[in-house]
Amino acid sequence: MSRSFSSSAVANSIRAKVMLYSQYGQPDQVLRCVSHELPSSPKGKEVLLQTIACPINPSDINQIQGVYPSRPELKVQYGQSEPVAVGGNEGLFKVLAVGDQVSGLKEGDWVIPSNVNFGTWRSHVLSEESALMKMEKTISANQAATIAVNPSSAYQMLTLFEELKPGDWFIQNGGNSQVGRSAIQIGKKLGLNSISIVRNRDNLKELVDELTALGATKVITEEENASKEFGKTIAEWTNGKPIKLALNCVGGDNCTNMVRKLGQDGTLVTYGGMSMKPVTIPTTLFIFKNITAKGFWVSANIKRIPGSRENTIKAVQKMMEDGDLVDVKMYENPVSADASEEEVYQAFQKALANSNKGKQLVVFS
Ligand SMILES: NC(=O)c1ccc[n+]([C@@H]2O[C@H](COP(=O)([O-])OP(=O)(O)OC[C@H]3O[C@@H](n4cnc5c(N)ncnc54)[C@H](OP(=O)(O)O)[C@@H]3O)[C@@H](O)[C@H]2O)c1
């Protein structure tokens, strides 16, 4: 027997809206919203879900542009005549109803996808129970909707590459990104000192104050990072202690100048390329400082380190529950789960258009 469902259900079916694409390109040109019917009574191991919130992450955009190595397969589905895929990899869903063979979930539970390429940009979805991870409601919906990618990446990068001990220093660029804000807070919880590089702006002081309140030890601009003179100030801050780890999501000169701050045997971890410029490391740093340069991809770690997704989420969730990792600034784009295709489309397009102005979420009610 399948159990009951919410007010979104109409008779025996629900009209689900999905943001999909049939060819790669800019999201404002290739994405469209279509609706399709879902049975309101799932069968067997199926779970009927309504989306609570889903973020716009840079990798979601890269996927739609066709430049991201992991992509959902384009398939003929949702009543479309050509192969399509649904955008989005991360999100929080609430269970509306479960099939009679579902054992670990019930109506009202929160879940997130247990893998990438789920296609989260939609109002409702019918999923197998095995593709879902239950989330306890001990953290905010926005935190749960964004826990699997950015805070998890920050946690893994701070714990997998160097054995950092309380009092150690790390440096990062993109300090005000969602990953950066998470790294600041997780670093503080681990007793680490951080230097966060941000781009200069009119309201720099406001941003510095905000990141400092999150636990940043020091926040510097790209210009300060580039200045040889400023290197001395950093050496004074660290009291000569070597900076062991550098986290790079920008590339270009920003990264080169950041690597110069690493101490002997330090590690550069590259996880993003927001400037679209390559990572260049001076030969002398490799030879005389024995710098190690590695890449990081949280999605690859799901397979590479079995259990890493679940264990990381658990650790990060505990920090959120304890108040060590607070809700970082996010911008909500609200829309009703029962809204028209056009309204859902507009909510996503607005979020996409503002995605360079801070972390955007589409929030369904
Ligand atoms: N490899 C992985 O497993 C993994 C996991 C998670 C995230 N990521 C990557 O991490 C990066 C950050 O993701 P997010 O979701 O945290 O981002 P976000 O919150 O959207 O923030 C984007 C950041 O990039 C900065 N930025 C953009 N263009 C820049 C440029 N040309 N030069 C310098 N800085 C620039 C922004 O600075 P302003 O505020 O100055 O614009 C902001 O700090 C992305 O590249 C993402 O793909 C990778």
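Note that the structure is a prediction, hence the values are computed from the model and not measured. (Residues numbered from 1 in each chain as written. Predicted model: local features only at pLDDT ≥ 70, side-chain atom pairs only at ≥ 80, totals over all residues. Heavy atoms only, no water.)

Let's talk about the overall build of the protein
Here is the rule: Think of it this way: any DSSP run of H or I at least four residues long counts as a helix, any run of E at least two long counts as a strand, and we number them from the N terminus. The globule rule is 2.2 Å times the number of residues to the power 0.38, and the radius of gyration it is compared with is taken over C-alpha atoms. Three exposure classes are used, based on accessible area relative to the maximum for each residue type with a 1.4 Å probe and protein chains only: buried under 20%, partly exposed in between, and exposed over 50%. Working rule for contacts: check all heavy atoms of both residues, and any pair within 4.5 Å makes them a contact. Only the protein chains shown count as covering a residue, and every accessible area follows the Shrake-Rupley method with a 1.4 Å probe. The convention is simple: Lys and Arg are positive, Asp and Glu are negative, and His and the chain ends are not counted. Note on charges: their place is set at NZ of Lys, CZ of Arg, CG of Asp or CD of Glu.
Check the secondary structure of the protein and you find 13 helices and 17 strands. By the compact-globule yardstick of 21 Å for 365 residues, the protein fits well, its C-alpha radius of gyration being 22 Å. For the protein, the spread of C-alpha atoms along the three principal axes comes to 70 × 40 × 35 Å. Looking at the 365 residues of the protein, the share that counts as buried comes to 53%. Summarising the internal contacts of the protein: among those between residues at least 6 apart in sequence, 73% fall at separations of at least 24. Surface summary for the protein: the accessible area is close to 16300 Å², and the carbon and sulfur share equals 51%. Of the charged side chains in the protein, 39 are positive and 37 negative; the average position of the first set lies 4 Å away from that of the second.

Details of a nonpolar patch on the surface
This is how the line gets drawn: Patch membership needs two things, relative accessible area over 30% and no salt bridge, and members are linked within 9 Å if like-charged or within 5 Å if nonpolar (Val, Leu, Ile, Met, Phe, Trp, Tyr). Should a side-chain nitrogen of Lys or Arg be within 4 Å of a carboxyl oxygen of Asp or Glu, the pair is scored as a salt bridge.
Taken together, the side chains of Phe 286, Ile 287 and Phe 288 define a hydrophobic patch exposed on the protein surface, amounting to about 340 Å² of accessible area. Mapped onto the secondary structure, Ile 287 falls in helix α10 (residues 283–289). What makes Ile 287 exposed here is its relative accessible area of 54%.

A short note on the sheet that holds strand β15 (residues 292–295)
To keep it simple, the criterion reads: Think of it this way: DSSP has to see at least two bridges between two strands before they count as a pair. With axes taken as lines fitted to C-alpha atoms, and helix axes fitted only over the stretch in contact, angles between N-to-C directions fall between 0 and 180 degrees.
Sheet architecture is open: six strands sit in the order β12-β11-β10-β13-β14-β15, paired in parallel fashion. At either margin of the open sheet sits one strand with a lone partner, and together these are β12 (218–221) and β15. Sheet twist, expressed as the mean angle between neighbouring strand axes with direction ignored, is 20°. On the sheet, helix α6 (residues 204–214) packs against β11 (193–198) and β12 and is oriented at approximately 150° with respect to β12.

So, the packing of helix α5 (residues 178–189) against α6
For clarity, the threshold we go by: By the convention adopted, Pro, Cys, Tyr, Trp, Phe, Met, Ile, Leu, Val and Ala count as nonpolar, Lys, Arg, Asp and Glu as charged, and the other residues, Gly among them, as polar.
Two elements in contact, α5 and α6, have axes separated by 8 Å at closest approach and are oriented at 35°. Within the contact between the two elements, α5 uses Arg 181, Ile 184, Gln 185 and Lys 188 and α6 uses Leu 207, Glu 210, Leu 211 and Leu 214. Classifying every residue of the contact of α5 with α6 by side-chain character gives four nonpolar, one polar and three charged.

What to know about the side chain of Asn 333
Where we set the bar: Polar contacts here mean pairs of N or O atoms no more than 3.5 Å apart (in protein, one a potential hydrogen donor and the other a potential acceptor; neighbouring residues in sequence count only if both atoms are side-chain atoms).
Mapped onto the elements, Asn 333 comes out in strand β16 (residues 330–335). A distance of 3.5 Å separates the side chain of Asn 333 from the backbone oxygen of Tyr 331, its partner in a polar contact. In this structure, Asn 333 is in contact with Ala 347, Lys 350, Ala 351, Gln 360, Leu 361, Val 362 and Val 363, ignoring residues within four places of it in sequence.

Considering the UniProt feature "domain: Enoyl reductase (ER)" (unreviewed entry) in the protein
Rules: UniProt positions are given in the numbering used here, feature names are shortened, and annotations may be inferred rather than shown by experiment.
Here the UniProt feature "domain: Enoyl reductase (ER)" (unreviewed entry) sits at residues 25–362. Secondary structure over residues 25–362 splits into 34% helix and 26% strand, and the C-alpha atoms at its two ends are 21 Å apart.

Quick notes on the side chain of Ser 194
Following the sequence through the fold, Ser 194 ends up in strand β11. For Ser 194, the residues in contact, after removing those within four places along its chain, are Trp 169, Phe 170, Ile 184, Gly 215, Ala 216, Thr 217 and Lys 218.

Things to note about the packing of helix α4 (residues 150–160) against α5
Our working rule: Oblique is the label for any angle not covered by the other classes, which are roughly parallel (under 35 degrees), roughly antiparallel (over 145) and roughly perpendicular (65 to 115). Note on convention: the crossing is left-handed when the near helix lies turned anticlockwise from the far helix by less than a right angle, right-handed when the turn is clockwise.
Look at α4 against α5: their axes get within 8 Å of each other, and the N-to-C directions meet at 50°. Overall, the two elements α4 and α5 adopt an arrangement that is oblique. Crossing angle aside, the handedness with which α4 passes α5 is right-handed. Residues Asn 150, Pro 151, Ala 154, Tyr 155, Met 157 and Leu 158 of α4 touch α5, and the partners they reach there are Gln 178, Val 179, Ser 182, Ala 183, Ile 186 and Gly 187. Residue composition of the contact of α4 with α5, grouped by class: eight nonpolar, four polar and no charged.

Here we look at the site of the ligand
Definition in use: Here a residue is considered near a molecule or strand provided that any single heavy atom belonging to it is located within 4 Å of it.
Taken together, 23 residues lie near the ligand, and Asn 176, Arg 201, Phe 296, Val 298 and Lys 359 sit nearest. Take Asn 150: an N or O atom from its side chain is 3.0 Å from an oxygen atom of the ligand. Here an oxygen atom of the ligand sits 2.9 Å away from a polar atom, N or O, in the side chain of Arg 199. Contact with the protein chains hides 84% of the accessible area of the ligand, taken as 930 Å² for the molecule alone. Contributing elements (two or more residues each) for the shell around the ligand: α4 and α5.

Points about α4
For α4, the tally of buried residues reaches eight of eleven residues, placing the bulk of the element in the interior. Listed as buried for α4 are Asn 150, Pro 151, Ser 152, Ser 153, Ala 154, Gln 156, Met 157 and Leu 158.

Observations regarding the packing of aromatic side chains
Formally: Planes of paired rings set the category: under 30 degrees apart is stacked, over 60 is edge-to-face and the rest tilted, where pairs are Phe, Tyr or Trp rings (Trp by its six-membered ring) whose centres lie within 6.5 Å.
Applying the stated rule across the entire model yields seven aromatic pairs. Plain terms: the ring middles of Phe 161 and Phe 296 are 6.2 Å apart, the flat faces sit at 70° to each other, and that makes the pair edge-to-face. A residue pair is termed long-range when its members are at least 10 positions apart, and Phe 161 in the loop between α4 and β10 (169–172) and Phe 296 in the loop between β15 and α11 (298–304) qualify at 135 residues. Its relative accessible area of 22% is what places Phe 161 among the partly exposed residues. Exposure remark for Phe 296: the relative accessible area of 10% places this residue in the buried category. Centroid distance Phe 230 to Trp 237: 5.6 Å. Interplanar angle 80°. Geometry classified as edge-to-face. For Phe 230, a relative accessible area of 14% translates into the label buried. Its relative accessible area of 26% is what places Trp 237 among the partly exposed residues. Three or more aromatic residues joined by ring pairs form one cluster here, namely Trp 121, Phe 348 and Phe 364.

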